[in-house]
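Below, each chain spelled out in residue letters.
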Amino acid sequence: MRMFVFVSQCVSALGCSPDYEYAIEEFCLAKFRLDMQELDQRRWCSWEDTVELYGELTNCTFLVASKMDCFWPNRLVDEFFIRVHRHYFHDCSLSGRLLRDPPNRILGPFIVVPILVTLLMTALVVWRSKRSEGIV
């Protein structure tokens with residue numbers, strides 16, 4: 001009898017039956033995996049490309065929790081999303097944006113201007129040093 005009371009308290013503390021984790025793995029994660037496989041892996045860190053898929057995954061975990069009379073969110077959902085992030089989003093920046101170089105029209109001036117300024121200043125120093133030789 002004590003064991004039954006302990007188990008029922010644990011289940012109520014978790015807010016779910018043990019089948020909840022299996023259900024979200026089989027129903028929600030399976031679809032998310034397929035959707036992410038269709039998406040080019042280089043675009044996994046692009047929030048614009050993954051926000052809809054991620055939203056569907058979140059909604060799926062909520063719907064399964066509702067059907068199974070579970071609290072949502074709960075510890076199992078948190079652990080589930082931590083595993084999802086470790087697998088799919090471990091290389092992404094904190095801002096959620098895909099890190100890439102800016103276009104050449106923006107990057108070019110940041111490279112060319114310092115080089116031109118350096119060359120101009122060098123030419124100016126050489127010109128002034130030659131000009132001051134004739135002045136006593």
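The structure displayed is predicted, hence computed values, not measured ones.

Digging into a nonpolar patch on the surface
Then step 1. Judged by side-chain polarity, Ile111, Val112, Ile115, Leu116 and Leu119 come together as a nonpolar surface patch covering roughly 470 Å² of accessible area.
Then step 2. Tracing the chain through its elements places Leu119 in helix α5 (residues 104-131).
Then step 3. A relative accessible area of 55% means that Leu119 is categorised as exposed.

Examining the pattern of salt bridges
Then step 1. Counted under the stated rule, the structure contains seven salt bridges.
Then step 2. A salt bridge links Lys31 to Asp35; its shortest N-O distance comes to 2.7 Å. Taken as a pair, Lys31 and Asp35 lie in helix α2 (residues 19-38) at a separation of four residues, close to a single helical turn.
Then step 3. According to the relative accessible area criterion, Lys31 is partly exposed, its value standing at 43%.
Then step 4. The closest approach of N and O atoms between Arg42 and Asp40, which form a salt bridge, is 2.8 Å.
Then step 5. By relative accessible area, which is 65% here, Arg42 ends up exposed.

Quick word on the UniProt feature "transmembrane region" (unreviewed entry) in the protein chain
Then step 1. Here the UniProt feature "transmembrane region" (unreviewed entry) sits at residues 106-127.
Then step 2. Each end of residues 106-127 is marked by a C-alpha atom, and these two atoms are 32 Å apart; helix forms 100% of the span and strand 0%.

Quick look at the packing of α2 against helix α4 (residues 75-88)
Then step 1. Remark: α2 packs on α4, axes separated minimally by 11 Å, with the N-to-C direction vectors making an angle of 25°. One finds that α2 runs roughly parallel with respect to α4. α4 is crossed by α2, and the crossing has right-handed handedness. Counted together, Tyr20, Glu21, Ile24, Glu25, Leu29, Phe32, Arg33 and Met36 of α2 and Leu76, Val77, Phe80, Arg83, Val84 and Tyr88 of α4 form the full contact between these two elements.
Then step 2. Residues belonging to the contact of α2 with α4 are distributed by class as follows: 10 nonpolar, no polar and four charged.

Brief notes about the nonpolar core
Then step 1. Tyr20, Phe32, Met36, Val84 and Phe89 are the most contacted members of the largest nonpolar core, which totals 26 residues.
Then step 2. It is α2 that provides the largest number of residues to this core, a total of seven residues.
Then step 3. Excluding residues that lie within four positions of it along the chain, Val84 makes contacts with Leu29, Phe32, Leu57 and Phe89.

Some details on the packing of aromatic side chains
Then step 1. With the rule as written, the count across this model stands at eight aromatic pairs.
Then step 2. Taken together, the aromatic side chains of Phe32, Trp44, Trp47, Tyr54, Phe80, Phe81, Tyr88 and Phe89 make up a single cluster linked through ring pairs.

Let's talk about the state of the cysteines
Then step 1. One pass over the full model with this rule turns up two disulfides.
Then step 2. In this model Cys28 forms its disulfide with Cys60; the gap between the sulfur atoms is 2.0 Å. As the torsion about the S-S bond is roughly -85°, the Cys28-Cys60 disulfide counts as left-handed. Of this pair, Cys28 sits in helix α2 while Cys60 sits in helix α3 (residues 47-67), and the two are 32 residues apart along the sequence. There is no split in this pair, since Cys28 and Cys60 are both buried.
Then step 3. Here Cys45 engages in a disulfide with Cys92; their sulfurs sit 2.0 Å apart. On the sign convention where negative means left-handed, the S-S torsion of about -85° between Cys45 and Cys92 marks this disulfide as left-handed. Within this pair, whereas Cys45 is found in the loop between α2 and α3, its partner Cys92 is found in the loop between α4 and α5, the two being separated by 47 residues in sequence.

How each quantity is defined
Counting of residues starts from 1 at the beginning of each chain's written sequence and follows it residue by residue. At least 70 in pLDDT is required for a residue's local features to be given in this predicted model, at least 80 for side-chain atom pairs to be given and counted, and no such filter applies to totals for whole chains, interfaces and linings, which use all residues. Only heavy atoms go into the side-chain values, all of them from the structure, while hydrogens and water stay out. Residues with no salt bridge and a relative accessible area higher than 30% make up the patches, which join like charges within 9 Å and nonpolar side chains (Val, Leu, Ile, Met, Phe, Trp, Tyr) within 5 Å. Using a 1.4 Å probe, the Shrake-Rupley method yields the accessible areas, and only the shown protein chains count as cover for residues. In what follows, salt bridge is the name for a side-chain nitrogen of Lys or Arg lying within 4 Å of a carboxyl oxygen of Asp or Glu. Here a strand is any run of E in DSSP of at least two residues, a helix any run of H or I of at least four, and the numbering for each starts at the N terminus. Under the scheme applied here, a residue whose accessible area is under 20% of the maximum for its type counts as buried, over 50% as exposed, and between as partly exposed, the area being computed with a 1.4 Å probe on protein chains only. UniProt positions are given in the numbering used here, feature names are shortened, and annotations may be inferred rather than shown by experiment. In this description, a line fitted to the C-alpha atoms serves as the axis of each element, helices being fitted only across the stretch in contact, and the angle between N-to-C directions of two axes falls anywhere from 0 to 180 degrees. An angle below 35 degrees is treated as roughly parallel, one above 145 as roughly antiparallel, one from 65 to 115 as roughly perpendicular, and anything else as oblique. Here a crossing is taken to be left-handed if its near helix is turned anticlockwise relative to the far helix by less than a right angle, and right-handed if that turn runs clockwise. A contact between two residues is defined here by any heavy atoms of the two lying within 4.5 Å. Throughout this entry, Asp, Glu, Lys and Arg are counted as charged residues, while Ala, Val, Leu, Ile, Met, Phe, Trp, Tyr, Cys and Pro are counted as nonpolar. The remaining residues, Gly among them, count as polar. Residues belong to one nonpolar core when they are buried, are Ala, Val, Leu, Ile, Met, Phe, Trp, Tyr or Cys, and are joined through side-chain atoms within 4.5 Å. Centres within 6.5 Å are what make two rings of Phe, Tyr or Trp a pair, Trp counting through its six-membered ring; a difference in plane orientation under 30 degrees is then read as stacked, over 60 as edge-to-face, and the rest as tilted. By disulfide we mean two sulfur atoms from cysteines, separated by a distance within 2.5 Å.

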